[in-house]
Amino acid sequence: MSSISASDLRAETRTHAFLSTLWFPGWEDRVRALELPYRRSGPHAPYKELITLARILRSARHERLLMLNSSSGVIYPDLLACMILGFVPRRYRAALMLVGEMWEPNTGLRGFVERLVVRLVDRAVDRYVVYSQDDKQSFCALWGIDPDKVGIALCYYHLSARDLEGPPPPNGEHIFAGGDSGRDYAPLVEAARLFPDTRFILATAWTSSKPVPPNVDIVLAKRTHTSHAEFIRLLRTARATVVPLQQGMKRSVGQQTYLNSMYLGKPTVVARGLGISHHVEDREHALVVDGTTSGYVGALTWLLDPQKQQDVAAMAERGRVKAASFTSDRLAGELFRQAELVLRKRSLSEGGAQESADRATG
């Protein structure tokens, strides 16, 4: 999920009940967005996130509900706001929803600090929303969160009108893989060595510990204001896409990459991970592999086999139809349903507290 910037606010209305640091297509005219001091994409100075923190805290004084980003920024201003607001009585602040990909745990001292932070955050949060049942089970087990506080909203493909403007470009011959969060490119690169006549383009900041084969190009190592457009261009012109997810992660990642690929009608390969079975059925919509070199070799052999192109195209078309059902409107509707649950519960709680107070003074 992305956060919204001042330039994105021009078409937004400011008359709705919920304020959010999240933004995606489908929220227009349905939610007010907290104005951030930086663009939604591209680099920014981390100190500006302190301004975001201050704006969240100020908004919490008079809003009914804030929808916050679980994993935004360098210093995580949304989480810091939750920590601080946990020390403010609920009747004096907004209800809080924390939405998105939750956190991969660390070990040692860092892991101890993370658990302390999550405990403080949990004091303030009224509801978490994660992207799959897998995420919910993992999140609650890892961090000791009450399952009754956790809702589910399946992820969505994220391609804007600007991303898709102009006629569809012709497919190239390259295999595309991109993204940094939760990726493991080494097994894919080793698989690529066995397909020397096929070009692989990896859009990532990952670097290999040994020389990559000549048919593998690594691009977009540094995030810039134009890197998103180039990422989408490489995806749109790819012959096929691979999403090489790191195995054993405790949260879902990569959903928008594989859903975007499927939505564009690309034959897609994705390594197993949390939440994938809620979005993709193996060999029906995409190929789901085990994240090993041999797994990628088997999938690529099938995708590139001249005798299998009819089957490959049929799978890609089924994937396109499946991905098209995961819209931002669908996600927005579910988030608003979750928000209404939070406000209803808070209203009942406040009503009960007032009734008790009336009895005590009566």
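Residues numbered from 1 in each chain as written. Predicted model: local features only at pLDDT ≥ 70, side-chain atom pairs only at ≥ 80, totals over all residues. Heavy atoms only, no water.

(A) Up close: unusual backbone geometry. Phi at Tyr76 is positive, roughly 55 degrees, even though this residue is not glycine. Note on placement: Tyr76 falls in the loop between strand S3 (65-69) and helix H2 (77-85). The exposure class assigned to Tyr76 is partly exposed, which follows from its relative accessible area of 37%. At Arg283, a residue that is not glycine, the phi angle is positive and equals roughly 65 degrees. Among the secondary structure elements, Arg283 is positioned in the loop between helix H8 (276-279) and strand S12 (287-289). (Helix = DSSP H or I, 4+ residues; strand = E, 2+ residues; numbered from the N terminus. Buried < 20%, exposed > 50% of the residue type's maximum accessible area, 1.4 Å probe, protein only.)

(B) Focus on the packing of aromatic side chains. Taken as a whole and assessed by the stated rule, the structure comprises seven aromatic pairs. Plain terms: the ring middles of Trp103 and Trp143 are 6.1 Å apart, the flat faces sit at 80 degrees to each other, and that makes the pair edge-to-face. With Trp103 in the loop between strand S4 (95-99) and helix H3 (108-124) and Trp143 in helix H4 (residues 133-143), this residue pair connects regions lying 40 residues apart in the sequence. When its relative accessible area of 11% is taken as the criterion, Trp143 is described as buried. Taking the centre distance of 5.1 Å and the plane angle of 90 degrees together, the rings of Phe176 and Phe231 count as edge-to-face. Here Phe231 lies in helix H6 (residues 227-236) and Phe176 lies in strand S7 (residues 175-178), a separation of 55 residues in the sequence. (Phe/Tyr/Trp six-rings, centres within 6.5 Å; stacked < 30°, edge-to-face > 60°.)

(C) Local environment of the sheet that holds S12. Read from one edge to the other, the open sheet built from six strands follows the order S9-S8-S7-S10-S11-S12, with strand pairing classed as parallel. What marks the edges here is a single partner per strand, and that holds for strand S9 (216-219) and S12. Each adjacent strand pair in this sheet contributes to an overall mean axis angle of 20 degrees, direction not counted. The pairing of strand S11 (residues 268-271) with S12 spans three bridges and is classified as parallel. Looking at the pairing, Val270 lines up with Val288 of S12. (Pairing = 2+ DSSP bridges. Axes fitted to C-alpha atoms, helices over the stretch in contact; angles between N-to-C directions.)

(D) Region of the structure containing the pattern of salt bridges. Taken as a whole and judged by the stated rule, the model has 14 salt bridges. Between Asp126 and Arg90 there is a salt bridge, with the nearest N and O atoms lying 2.7 Å from each other. In this pair, Asp126 sits in the loop between H3 and strand S5 (127-130) while Arg90 sits in the loop between H2 and S4, placing the two residues 36 residues apart along the sequence. Looking at Arg90, the relative accessible area reads 35%, which means it is partly exposed. Where Asp217 meets Arg199, a salt bridge forms, and the shortest distance between an N and an O atom there is 2.8 Å. (Salt bridge = Lys/Arg side-chain N within 4 Å of Asp/Glu carboxyl O.)

(E) Region of interest: the environment of Thr327. Here Thr327 is to be found in the loop between helix H10 (309-324) and helix H11 (328-361). Sequence separation between Thr327 and Tyr157 is 170 residues, and the spatial gap between their C-alpha atoms is 6.2 Å. Beyond its immediate chain neighbours, meaning those up to four positions away, Thr327 contacts Tyr156 and Tyr157. A distance of 3.0 Å separates a polar side-chain atom of Thr327 from the backbone nitrogen of Arg330. (Contact = heavy atoms within 4.5 Å. Polar contact = N/O pair within 3.5 Å; in protein donor to acceptor, adjacent residues only side chain to side chain.)

(F) View of the side chain of Arg93. Note that Arg93 resides in the loop between H2 and S4. Within the buried set, Arg93 has no salt-bridge partner at all; the shortest N-O distance to an opposite charge, 4.2 Å, is to Asp126. Here Ala124 takes part through its backbone oxygen, which lies 3.5 Å from a polar atom of the side chain of Arg93. Residues within four places of Arg93 in sequence aside, it is in contact with Ala60, Leu85, Val88, Arg123, Ala124, Asp126 and Arg346. (Lys, Arg positive; Asp, Glu negative; His and termini not counted.)

(G) Representation of the side chain of Gln255 within the structure. Mapped onto the elements, Gln255 comes out in helix H7 (residues 255-263). Here Ser252 takes part through its side chain, which lies 2.6 Å from a polar atom of the side chain of Gln255.

(H) A look at H7. Extensive coverage of H7 is indicated by the burial of seven of its nine residues. Three or more residues of H7 are buried, namely Gln255, Thr257, Tyr258, Leu259, Asn260, Ser261 and Met262. Packed against the buried residues of H7 are S7, H6, strand S10 (240-243), S11, H8 and H10. Remark: Gly265 follows H7 within two positions and exhibits a positive phi of approximately 80 degrees.

(I) Inspection of the nonpolar core at higher detail. With 61 residues, the main nonpolar core has Leu65 and Met97 as its most contacted residues. Beyond its immediate stretch of four places on either side in the chain, Met97 contacts Leu65, Leu66, Met67, Leu68, Arg127, Val129, Leu335, Gln338, Ala339 and Val342. (Core = buried A, V, L, I, M, F, W, Y, C linked by side-chain atoms within 4.5 Å.)

(J) Layout of a nonpolar patch on the surface. On the surface, a nonpolar cluster with roughly 340 Å² of combined accessible area is contributed by Leu109, Phe112 and Val113. Tracing the backbone through its elements, the reader meets Val113 in helix H3. Here Val113 falls in the partly exposed class, since its relative accessible area comes to 40%. (Patch = residues over 30% accessible without salt bridge, like charges linked within 9 Å, V, L, I, M, F, W, Y side chains within 5 Å. Areas by Shrake-Rupley, 256 points an atom, 1.4 Å probe, with all protein chains shown as cover.)

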